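# Reading the structure
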Amino acid sequence: MQPIHSTFTVERICNASLATCWKAWTDPELKARWFVADIDGWETLESIIDVRMGGRERTAARDDKGVVHANETTFLNIVPASRIAFAYTMSMDDRLDSASLAVVTFEEDGATTKLTYTEQGAYFVGIDGTIDRTGGIGWLYDKFKQQVEQGQ
Amino acid sequence: MSISHENFTIERTIAAPPDRVFDLWSDTAKKRRWFVDSDGPEWTTLEYDVDFRVGGREHGRWRHKDGSELANETIFMDIVAGKRIVMAYAMMKDDVRLSASLATVTFAAKGEATRMIFTEHGAFLDGNDDAASRRKGMEWLFDHLDKQFQQSETTS
């Protein structure tokens with residue numbers, strides 16, 4: 001079966017400094033707060049955050065139906081306080097769901113910082129996951145925005 | 001800082017069954033022939049290693065006769081024998097990052113032959129590279145992949 005390929009972008013303007021936003025994305029403890037799913041009934045199985053060139057991340061959680069959702073990330077390009085490029089896969093119960101290239105850029109504009117997240121994805125389960133994924137990433141960056149606007 | 005997000009697909013029909021085409025990616029000696037040894041005389045291979053398994057890495061470094069060096073770092077993200085390979089890779093020229101990419105390649109039987117479809121999702125960085133030249137480079141490699149097969153067919 002051929003994968004379905006598509007691209008989407010999510011933007012957030014955060015009332016926070018570039019330094020705060022960069023730290024929230026790259027500090028393992030701060031990143032885990034917005035990145036690791038905190039959903040009622042879900043159990044976190046693994047949470048390895050490692051934002052550096054060549055670093056690999058893995059997070060896994062079991063949902064309320066017993067399905068294990070896992071994320072594997074590898075970093076391809078990091079320019080401090082400017083951009084992060086990474087590739088990642090999502091799988092459910094060890095079945096590959098998607099593989100994506102994502103780039104997030106950070107631009108300071110006065111007292112605010114604009115994050116632009118662009119994902120080019122390949123979906124392997126026969127349905128175009130772009131809408132769900134856009135929603136999921138949007139939800140994560142809402143949490144990110146809320147966190148940095150609290151100064152963390 | 002600029003980033004160009006571009007996708008491209010290359011489709012080839014290769015006169016061999018999927019398992020044998022997949023071998024040209026999974027077997028290091030076979031892959032080296034089209035992926036590394038296809039380089040012209042202006043290139044010298046400095047390093048080339050492959051660890052073909054999920055989570056494994058591939059690394060290559062080549063020197064052009066003008067003194068510049070090109071390097072490739074790949075990580076294999078998903079492998080289904082005879083069917084699919086998903087990999088992430090970055091290209092560098094000297095110390096300059098050219099690109100970050102996600103590539104998928106699928107192999108499907110088409111009669112006696114294989115339909116091989118390669119799709120690259122690329123972020124081309126700071127105007128240092130672009131999808132058109134990357135595509136040209138991949139077409140060159142796949143010409144050699146195809147040729148290697150024709151050679152092995154005629155010698156077997």
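Residues numbered from 1 in each chain as written. Chains lettered and ligands numbered in written order. Predicted model: local features only at pLDDT ≥ 70, side-chain atom pairs only at ≥ 80, totals over all residues.

### Some points on unusual backbone geometry
Glycine aside, the phi torsion of most residues is negative, and most peptide linkages are trans. With phi around 50 degrees, A:Asp93 is a residue other than glycine that occupies positive phi space. Take A:Asp93: it is sitting in the loop between strand E5 (83-92) and strand E6 (95-109). At B:Asp94, a position not held by glycine, the phi torsion is positive, near 50 degrees. For B:Asp94, the location among the structural elements is in the loop between strand E5 (84-93) and strand E6 (96-110). Judged by local crowding, B:Asp94 falls into the exposed class, with 9 C-beta atoms found within 10 Å. (Helix = DSSP H or I, 4+ residues; strand = E, 2+ residues; numbered from the N terminus. Buried ≥ 20, exposed ≤ 12 C-beta atoms within 10 Å, placed from the backbone.)

### Structural notes on the environment of B:Trp34
You can see B:Trp34 is positioned in helix H2 (residues 28-35). With 10 residues separating them in the primary sequence, B:Trp34 and B:Leu24 have C-alpha atoms 8.3 Å apart.

### Points about the interface of chain A and chain B
The parts lose accessible area when they come together, and the size of an interface is often stated as this lost area. Taken together, the contact between chain A and chain B spans 23 residues of the former and 21 residues of the latter. Mapped onto the side of chain A that touches chain B, the elements with two or more residues apiece are strand E1 (4-14), strand E4 (68-79), E5, E6 and strand E7 (112-123) of chain A. The leading source of residues in the side of chain A that touches chain B is E6(A), at six residues. Class assignment for the residues of the side of chain A that touches chain B results in 10 nonpolar, 11 polar and two charged. (Contact = placed C-beta atoms within 7 Å. Nonpolar A, V, L, I, M, F, W, Y, C, P; charged D, E, K, R; others polar.)

### Some details on the sheet that holds strand E4 (residues 69-80) of chain B
Residues and elements named next belong to chain B. Reading across from one edge, E1-E7-E6-E5-E4-E3-E2 is the order of the seven strands in this open sheet, with antiparallel pairing throughout. Here the strands that pair on one side only, and so sit at the sheet edges, are strand E1 (3-14) and strand E2 (43-50). With strand direction ignored, the average angle separating the axes of adjacent strands in the sheet is 15 degrees. Relative to strand E7 (residues 113-125), E1 is paired through 12 bridges, and the arrangement is antiparallel. Residue pairing for E7: arginine 12 is matched across the bridge by methionine 116. (Pairing = 2+ DSSP bridges. Axes fitted to C-alpha atoms, helices over the stretch in contact; angles between N-to-C directions.)

### Describing the pairing of E5(A)
Residue and element names in this part refer to chain A. For E5, a buried count of eight out of 10 residues is recorded, marking the element as mostly surrounded by other parts of the structure. Across 10 bridges, E4 lies against E5 in antiparallel orientation. Bridge pairing in E5 places histidine 69 opposite methionine 92. Between E4 and E5, which pair antiparallel one after the other, the connecting turn spans three residues, and alanine 81 there sits at a positive phi close to 60 degrees. Sheet topology note: the E5/E6 ladder contains 10 bridges and is antiparallel. Paired with methionine 90 across the two strands is serine 98, which belongs to E6. Connecting E5 to the next strand, E6, in antiparallel fashion are two residues, including aspartate 93 with a positive phi near 50 degrees.

Shape descriptors only; they carry no functional weight alone.
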